[in-house]
Amino acid sequence: MRKKVIAGNWKMNMLPNEAMNFINAIAPVANSANCEVILCVPYTDLFYSLLTVQDTKIKIGAQNMHWEEKGAYTGEISAEMLKCINVEYVIIGHSERRQYFAETDETVNKKVLKAIHTGLKPIICVGETLEQRENGETSFIITTQTRKALEGVEKEQLNNIIIAYEPIWAIGTGKTATAEDANNSIKEIRKEIEKIYGKDIADCVIIQYGGSVNKDNCQELFNTSDIDGALVGGASLKASEFEEIIRSAN
Ligand code: 13P
């Protein structure tokens, strides 16, 4: 039985005081939840957030990292830098990074391998564009992205990896995939993992849905067979709404 995981991706939002207030507000609901709760916060909020989540069940993640250990990479943050302050998760390959910051399947894979070897748990994002969807390429795109992201990842490491299926056309648009569509895409991803790692591993890997998830549509998504929670953007910026989503995942 897979546990649901609700992760907030704050993107480029929230100052440290807002982050601390938010965490204090949702802590009671997160502490009594059966699902895992993760907040992926901007770099400048990490330290404050990590201090604030002490004695709560909330986990903290970053939204990106570099694959090199150190060196002349102005403006970048390494996996070691995140690990040494006790960050537990890191989003890798979000579509906004693929779209605006030239991230490719190759750099995603390098980051995934580096994260794992450093002891960070990657949340790997995959998803198709509207054009790809309309051309009937969804299955090909999401299975290819999944396979490439996981190249070189060992079987035993899959229990420290989360996959997030985020159709790009559903991100920040208010258009959610129907629960049935999202569930079918997630089944395809699970099948691809089964081809590489076998059924036992595929049955255990956590695969979330992301894309305009909110308090009103989350329950239907969570009632499906294969959707193991959500990666939430906009609705993770409002404590009361995020709490509702956590409650729905119980
Ligand atoms: P929205 O929930 O704002 O559509 O964003 C989804 C997302 O990109 C989470 O990573």
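See the structure shown above.
For every chain, the first residue of the written sequence is number 1, and numbering continues from 1 onward in sequence order. Reporting of local features is limited, given that this is a predicted model, to residues whose pLDDT is at least 70; pairs of side-chain atoms are given and counted only at 80 or more, and all residues count toward the totals for whole chains, interfaces and linings. Only hydrogens and water are set aside when side-chain values are computed; all heavy atoms of the structure are taken into account.

Okay, helix H8 (residues 179–197) next. With 19 residues, H8 extends 26 Å between its outermost C-alpha atoms, agreeing within 8% with the 27 Å of an ideal straight helix rising 1.5 Å per residue. The rule is simple: take the accessible area with a 1.4 Å probe, protein chains only, and divide by the maximum for that residue type; under 20% is buried, over 50% is exposed, in between is partly exposed. By the criteria applied, helices consist of DSSP H or I runs no shorter than four residues and strands consist of E runs no shorter than two, each listed in order from the N terminus. Along H8, the positions that sit buried rather than exposed are Ala179, Ala182, Asn183, Ser185, Ile186, Ile189, Arg190, Glu192, Ile193 and Tyr197. Only heavy atoms enter the contact rule, under which two residues are in contact if any of them lie within 4.5 Å. In this structure, the buried side of H8 is in contact with strand E5 (121–126), helix H7 (138–149), strand E6 (162–165), helix H9 (199–204), strand E7 (206–210) and helix H10 (218–222). In this scheme, a helix's expected span is set at 1.5 Å multiplied by one less than its residue total.

Consider each residue's heavy atoms; a residue with any of them within 4 Å of a molecule or strand counts as near. Around the ligand sit Asn9, Lys11, His94, Glu166, Ala170, Ile171, Gly172, Gly211, Ser212, Leu231, Gly233 and Gly234, and that is every residue in its neighbourhood. Nitrogen and oxygen atoms within 3.5 Å of one another constitute a polar contact, given that in protein one can donate a hydrogen and the other can accept it, and given that sequence-neighbouring residues count only through two side-chain atoms. Within the side chain of lysine 11, an N or O atom sits 2.8 Å from an oxygen atom of the ligand. The separation between an oxygen atom of the ligand and a polar side-chain atom of histidine 94 is 2.7 Å. Shrake-Rupley sampling with a 1.4 Å probe provides the accessible areas, and residues are treated as covered by the protein chains on show and by no other component. For the ligand, whose accessible area on its own is 310 Å², the fraction buried by protein is 95%.

In this analysis an axis means a line fitted to C-alpha atoms, helices contributing only their contacting stretch, and an angle means the value between N-to-C directions, from 0 to 180 degrees. Remark: helix H5 (residues 105–118) packs on H7, axes separated minimally by 8 Å, with the N-to-C direction vectors making an angle of 40°. As far as their axial angle goes, H7 and H5 are oblique. Judged by residue contacts, Asp105, Glu106, Val108, Asn109 and Val112 of H5 engage Gln145, Lys148 and Ala149 from H7. Taken together, the residues of the contact of H5 with H7 sort by class into three nonpolar, two polar and three charged. Angles are sorted into four bins: roughly parallel if under 35 degrees, roughly antiparallel if over 145, roughly perpendicular if 65 to 115, and oblique for all others. Throughout this entry, Asp, Glu, Lys and Arg are counted as charged residues, while Ala, Val, Leu, Ile, Met, Phe, Trp, Tyr, Cys and Pro are counted as nonpolar. The remaining residues, Gly among them, count as polar.

Moving on to the packing of aromatic side chains. Each aromatic pair joins two rings of Phe, Tyr and Trp (for Trp, the six-membered one) with centres within 6.5 Å, and gets the label stacked for planes under 30 degrees apart, edge-to-face for over 60, and tilted for any other angle. This model, assessed by the stated rule, comprises four aromatic pairs. With a centroid separation of 6.0 Å and 45° between ring planes, the pair formed by phenylalanine 22 and phenylalanine 242 is classed as tilted. Placement of the pair is phenylalanine 22 in helix H1 (residues 16–31) and phenylalanine 242 in helix H11 (residues 239–248), with a sequence separation of 220 residues. Just as phenylalanine 22 is buried, phenylalanine 242 falls in that class too. One aromatic cluster in this structure is built from Trp10, Phe22 and Phe242. A ring is considered to have a charge above it if a Lys NZ or an Arg CZ atom is located within 6 Å of its centre and within 35 degrees of its normal. A cation over a ring is seen here: arginine 97 above phenylalanine 101, with NZ or CZ 4.4 Å from the ring centre.

This paragraph deals with the pairing of strand E1 (residues 5–9). Across the five residues that make up E1, a large majority, five, are buried. Side-chain alternation along E1 places Val5, Ala7 and Asn9 on one buried face and Ile6 and Gly8 on a second face that is also buried. Here E1 runs beside strand E2 (residues 36–40); their pairing, made up of five bridges, is parallel. In the sheet register, asparagine 9 faces E2, and the bridge partner there is cysteine 40. Orienting the strands away from the viewer, one traces the path from the first strand over the helix to the second; a clockwise path indicates a right-handed crossover. Crossover connection from E1 via H1 to parallel E2: handedness right-handed. The criterion for strand pairing is that DSSP finds at least two bridges linking the strands in question. Note: E1 against strand E8 (residues 229–232), four bridges, orientation parallel. Within E8, the position partnered with alanine 7 by the bridge is leucine 231.

When the charged atoms of two side chains lie near each other, side chains of opposite charge can form a pair. Between Lys or Arg on one side and Asp or Glu on the other, a salt bridge is scored when a side-chain nitrogen of the former is within 4 Å of a carboxyl oxygen of the latter. Tallied over the full model, the rule gives 18 salt bridges. Where arginine 133 meets aspartate 181, a salt bridge forms, and the shortest distance between an N and an O atom there is 2.6 Å. Of the two residues, arginine 133 is situated in helix H6 (residues 130–134) and aspartate 181 in helix H8; the sequence distance between them amounts to 48 residues. For aspartate 181, a relative accessible area of 32% corresponds to the partly exposed category. For glutamate 192, the salt bridge goes to arginine 147, with nearest N and O atoms at 3.0 Å. Taken together, the residues glutamate 192 in helix H8 and arginine 147 in helix H7 connect sequence positions 45 residues apart.

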